[in-house]
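Each chain, written out:
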Amino acid sequence: MKLSSRWQLYGFGNWPIQVKFMVLVAIFMLPLFAIISFYILPLVENSILNEKRQQIKLSVKEAVAYVDNLHTLVVSGKLTREEAEGFAKDYLSNLRFGDQDYFFAADLNLIMIVHPLRKEHINKSAADISDAEGMKIYREIYNLIMLQGEGFIEYKQVLPGKSTVAPKLTYSKLSPGFGWIVSSGAYYEDVNHQINILKERVYIVYGFTTLSVFVLAYFVFASFTKRIKSIDNAVALFAQNDQIEVKLESKLNDEIGRLTMSFNTMIKTLQSDMKEKSRLYHELSSAKEKSEELGKVKSALFSNLSHELRTPLNGILGLTQIVQEELTDPELVTLTQKIVFSSRRLMMTFNSLLDYTQLETDEIAIHTKNVHLDTVISSVMRTFWDVADEKGLVFDLDIVKADTYVLADEYMLTRSLNYLLDNAIKFTETGKVTIKIREHAPIEGRVQISIIDTGIGIPSANLDKIFQEFTQVSSGMNRSHEGAGIGLTNALRMVEKCGGILTVNSTVGIGSTFFVELILNTNQPN
């Protein structure tokens, strides 16, 4: 069953254009939501937790360094041991690095030295102090210190000032001078609070972006569909009674406005011609001409839609690149790179479709001038250098004579070479892609540019088809390479607009060579 038949089977093909587009926007936004929820946010959560662990560890190490420094003053005779211990106790009692994060200390005999919240246990044994599940906290800390000298432990404890039991992460380190075990920690509740705030902000941004895309799409398509629907209603009314006077008002002179005026003209012509059977032949000719005009208007309409689609996509691409610059986690950077890659690939597709529609309606103005071919080739190679490098391809340039000038439209020439290089790299998995330039070959007064690849090649039976629009050698749902099938079509038309010739030779399994022949400018500047 063909894809179009399936759309009809499920009723999608009968939906209004505006609804179809809104559904497609929703389908695009759902995978983005899944990526954010199930990949990016969990990685960010782990990053926040690791950052909190490092913060606790660093704070404890700084506190131990301070206590050890006081012991050094005792050794040097600048302070008595009693004075130094008093300073250390005051320092640890008042030290904080969060709303509920405090420091406590015990000696190697598990006698409590400092604890801001358990002052009744100071100078008493802390060996039997347990958490909410019965774990002997200080014994676990002592065992950890004896084995490793420092490290983390986890236990459950009642939140300060509350009756709620919450898990807590504590880091302990031995201060060898006084023989104190200095500890501090943080409740996971504080970390979860930070994570929830981050999630809320991310979802707010995502929701606002999604709403903006939907609102923009709705109003853009509403303005188009409203005017198209008026034409559709007029057509239906005329179909019921071809003698009734039908005239549409159009205040704008855009494509749909010209379509409306053409419709009014067509109705008037049909009504006049139907009164005279002898003019039936002229009536059919006029209808054919109007049909061709409608085809051009349709292409122009698609061009406008491509512009509107690229606007939100540019927003997504820009925001992703901004976020990517702020990220430090390699896995997050990799995920954002995938979003950027997919967005750029979609942007290339939109640009190809836009070129196609402009070439189809002959809207592109041609500006033939003296073009420095070396500059154009250099620009094109820079565009695809990273793509070729990622695939492990050798990107080679063979110029027989430098500083060559041709007569062409620089934009058309650049875009056509972009399409040819994109095609060569896309269908080449190993080997190399070479750009070769030589003068007066095979036709005198022309420059030949050869795009040579070592790709899969093209069967000889399909060489005449590859320049047809929306055609690939491997097509359908099982095709092996991505693309809309209009790149070579655009390249051929653009080369011809420059007054050039585009041909191809190919061997399956060996590779393909595309030849671009352009007019050589013999009056080259110094």
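This one's a predicted model, so the numbers in the text were calculated from it and none came from an experiment.

### Some details on the nonpolar core
(1) Moving on: Formed by 44 residues in total, the largest nonpolar core has its most connected members in Leu 413, Leu 420, Ile 435, Ile 449, Leu 502 and Phe 514.
(2) Moving on: Of all elements in the fold, only α9 (373-390), β8 (405-409), α10 (410-426), β9 (432-439), β10 (446-453), α11 (487-497), β11 (501-507) and β12 (511-520) reach the threshold of two or more residues within this core.
(3) Moving on: Tallying contributions element by element places α10 first for this core, with eight residues.
(4) Moving on: Not counting residues within four places of it along the chain, the set of residues in contact with Leu 413 comprises Val 371, Leu 373, Val 376, Val 406, Ala 408, Cys 498 and Leu 518.
(5) Moving on: Counting 22 residues, the second-largest nonpolar core is a separate cluster that includes Val 64, Ala 84, Phe 97 and Trp 180.

### Details of the side chain of Arg 446
(1) Moving on: By the element assignment, Arg 446 lies in strand β10.
(2) Moving on: Buried and without a salt bridge, Arg 446 has Glu 517 as its closest oppositely charged side chain, separated by 4.9 Å.
(3) Moving on: Here the side chain of Arg 446 touches Glu 517 through a polar contact of 3.4 Å, landing on its backbone oxygen.

### Some remarks on the pattern of salt bridges
(1) Moving on: This model, assessed by the stated rule, comprises eight salt bridges.
(2) Moving on: Taking the shortest distance from any N to any O, the salt bridge between Glu 45 and Lys 199 comes out at 2.9 Å. Taken together, the positions of Glu 45 in helix α2 (residues 17-75) and Lys 199 in helix α5 (residues 188-240) put the pair 154 residues apart, joining distant regions of the chain.
(3) Moving on: Using a relative accessible area of 24% as the deciding quantity, one classes Glu 45 as partly exposed.
(4) Moving on: The class for Lys 199 is partly exposed, based on a relative accessible area of 27%.

Here is what the cut-offs are and how they apply
- Numbering of residues starts from 1 in every chain and runs along the sequence as written.
- Per-residue local features are limited, in this predicted model, to residues with pLDDT of at least 70; the limit for side-chain atom pairs, both in listing and counting, is 80 or more; totals at the level of whole chains, interfaces and linings are taken over all residues.
- Note that the side-chain values use all heavy atoms of the structure and ignore hydrogens as well as water.
- Put simply, a nonpolar core is a bunch of buried Ala, Val, Leu, Ile, Met, Phe, Trp, Tyr and Cys residues held in one set by side-chain atoms that sit within 4.5 Å of each other.
- Residue burial is assigned from relative accessible area. The probe radius is 1.4 Å, only protein chains are included, and a residue is buried under 20% of its type maximum, exposed over 50%, and partly exposed in between.
- What counts as a helix is a DSSP run of H or I of at least four residues, what counts as a strand is a run of E of at least two, and both are numbered from the N terminus.
- In this description, contact between two residues means that some pair of their heavy atoms is separated by no more than 4.5 Å.
- Positive charges are assigned to Lys and Arg, negative charges to Asp and Glu, while His and the chain termini are left out of the count.
- For this analysis, a salt bridge means a side-chain nitrogen from Lys or Arg found within 4 Å of a carboxyl oxygen belonging to Asp or Glu.
- Throughout this description, a polar contact denotes any pair of N or O atoms lying within 3.5 Å of each other; where both atoms belong to protein, one of them has to be capable of donating a hydrogen while the other can accept it, and for residues adjacent in sequence the pair is counted only when both atoms sit in side chains.

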